[in-house]
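Spelled out, the chains give:
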Amino acid sequence: VAPAKAKPAPVPSIPKELLAKREREGLVKAKEELMKIGKDVTPQAQNLFNMLSKTYKLKWNNKDIVTELGITIKPPYTPESCFGTDQM
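Enquirer: Lay out the sheet that holds strand β2 (residues 64–67) with the relevant residues and their values.
Expert: Pairing within the open sheet is antiparallel, and its four strands lie in the order β1-β2-β3-β4. The two strands at the open ends of the sheet, each matched to only one other strand, are β1 (58–61) and β4 (82–83).

Rendered as structure tokens:
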């Protein structure tokens, strides 16, 4: 005869407010991540955006990459296609 198994401890309940907060935070993060995906841009442009976004806060403006410093990088995304102020 096998020994009786102990009942597992009950799972504690999680407050609904905490669940709602985590859901809101998750949705905000998902929207932010979605905004990082360029529309109709080349894979190379997306890769450049992804790499630069590790250092700078960026956003897409159509096919242009716009930095928080006011610098815009236009297709074909070369050093010559960077526009903005030289002030920092």
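Enquirer: Go over helix α2 (residues 43–52), please, and point to the residues and values.
Expert: Looking only at α2, the buried set comprises Ala45, Gln46 and Phe49. Axial view of α2: buried residues confined to an arc of 100°, hence all on one face. Away from its buried face, by an angle of more than 90 degrees, α2 presents the exposed residues Pro43, Gln44 and Met51. Along its buried surface, α2 packs onto β1 and β2.

Enquirer: Explain unusual backbone geometry residue by residue, including any values.
Expert: With an omega dihedral of 15°, the bond running from Pro75 to Pro76 counts as a cis peptide bond. Mapped onto the elements, Pro76 comes out in the loop between β3 (72–73) and β4. Of note in the backbone geometry, Asp40 takes a positive phi value of approximately 55° without being a glycine. Secondary-structure assignment places Asp40 in the loop between α1 (16–35) and α2. We note that Asn62 has phi near 60°; this positive angle belongs to a residue other than glycine.

Enquirer: Explain the pairing of β2 to me, using residue names and the numbers behind them.
Expert: Side-chain direction in a regular strand flips from residue to residue, so the side chains alternate between the two faces of the sheet. Judged by which residues are buried, β2 turns out to be covered on both faces: Asp64 and Val66 on one side and Ile65 and Thr67 on the other are all buried. Pairing between β1 and β2: four bridges, direction antiparallel. The residue bridging Leu58 from the neighbouring strand is Thr67, located in β2. The turn joining β1 and β2, which pair antiparallel and follow one another in sequence, is formed by two residues; a positive phi near 60° is taken by Asn62. Pairing analysis gives two bridges linking β2 to β3, with the strands arranged antiparallel. Residue pairing across strands places Ile65 opposite Ile73, the latter belonging to β3. The loop that links β2 with its antiparallel partner β3 comprises four residues; one of these, Gly70, has a positive phi angle of about 85°.

Enquirer: Help me get a handle on the side chain of Thr72, residues and values and all.
Expert: Take Thr72: it is sitting in strand β3. The class for Thr72 is buried, based on a relative accessible area of 18%.

Cut-offs applied
Residues numbered from 1 in each chain as written. Predicted model: local features only at pLDDT ≥ 70, side-chain atom pairs only at ≥ 80, totals over all residues. Heavy atoms only, no water. Pairing = 2+ DSSP bridges. Helix = DSSP H or I, 4+ residues; strand = E, 2+ residues; numbered from the N terminus. Buried < 20%, exposed > 50% of the residue type's maximum accessible area, 1.4 Å probe, protein only. Arc of directions from axis to C-beta. Contact = heavy atoms within 4.5 Å.

Read these as geometric descriptors, not functional statements.
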